[in-house]
Amino acid sequence: MLKQIQDILASVGLNFTLLMGGAIGAWIGMKPSQPWWVQVITVFTGAFIANYTAPVVVDLFGMSINSLGGVGFIVGYMGKHGLEFIIEKFKKDGKSKN
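About the thresholds
Residues numbered from 1 in each chain as written. Predicted model: local features only at pLDDT ≥ 70, side-chain atom pairs only at ≥ 80, totals over all residues. Heavy atoms only, no water. Helix = DSSP H or I, 4+ residues; strand = E, 2+ residues; numbered from the N terminus. Buried < 20%, exposed > 50% of the residue type's maximum accessible area, 1.4 Å probe, protein only. Patch = residues over 30% accessible without salt bridge, like charges linked within 9 Å, V, L, I, M, F, W, Y side chains within 5 Å. Areas by Shrake-Rupley, 256 points an atom, 1.4 Å probe, with all protein chains shown as cover. Salt bridge = Lys/Arg side-chain N within 4 Å of Asp/Glu carboxyl O. Polar contact = N/O pair within 3.5 Å; in protein donor to acceptor, adjacent residues only side chain to side chain. Contact = heavy atoms within 4.5 Å. Axes fitted to C-alpha atoms, helices over the stretch in contact; angles between N-to-C directions. Parallel < 35°, antiparallel > 145°, perpendicular 65-115°, else oblique. Left-handed = near helix turned anticlockwise from the far one by under 90°. Nonpolar A, V, L, I, M, F, W, Y, C, P; charged D, E, K, R; others polar.

**Q** Sorry, what's going on with the environment of Gly70 here?
**A** Structurally, Gly70 is set in helix H4 (residues 68-97). For Gly70, a relative accessible area of 39% gives the class partly exposed. C-alpha of Gly70 to C-alpha of Gly25: the two residues are 45 residues apart in sequence and 9.5 Å apart in space.

**Q** In this structure, what is going on with a nonpolar patch on the surface? I would like to understand it.
**A** A cluster of nonpolar side chains, contributed by Met20, Ile24, Trp27, Ile28, Phe61, Met63, Phe73, Ile74, Tyr77, Met78 and Phe85, occupies part of the molecular surface with about 1100 Å² of accessible area. Those elements giving two or more residues to the nonpolar patch turn out to be helix H2 (16-29) and H4. Tallying contributions element by element places H4 first for the nonpolar patch, with five residues. For Ile24, the position within the fold is in helix H2.

**Q** What am I meant to see in the side chain of Gln39 here?
**A** Following the sequence through the fold, Gln39 ends up in helix H3 (residues 36-60). Polar contacts involving the side chain of Gln39 include one to the main-chain carbonyl oxygen of Pro32, which spans 3.2 Å. Setting aside residues no more than four positions away along its own chain, Gln39 makes contact with Met30, Lys31, Pro32, Ser33 and Gln34.

**Q** Please explain the packing of H2 against H3 as it appears in this structure.
**A** The axes of two packed helices give the description: the angle between them and the distance between them. It is the contact of H2 with H3, at a shortest axis distance of 7 Å, that shows an interaxial angle of 130 degrees. Judged by the angle between their axes, H2 and H3 are oblique. Pair H2 / H3 crosses with right-handed handedness. Packed against H2, whose contacting residues are Leu18, Leu19, Gly22, Ala23, Ala26 and Trp27, the element H3 presents Thr42, Val43, Gly46, Ala47, Phe48, Ala50, Asn51, Ala54 and Pro55 at the interface. Residue composition of the contact of H2 with H3, grouped by class: eleven nonpolar, four polar and no charged.

Now the structure itself:
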């Protein structure tokens, strides 16, 4: 059953490990004082941010592919702040290469 779910997610470009790592990281990092619907959105956002940015972070910093799940967790925990950091890193790298 889990393999089928992973295959379905992979067919649409989603990595189950990264989604779970990001969701758990976002869940741990969320503020309990927020309304429940904001908390739900935070968990989903963390999962999707991790899915799409963790591979970029691993590549950007020359990390091992084995660290992908852990990076997904960290990126999910950091949420949009982590995404902003990654974008700034790309901007700086792009300027230094020109």
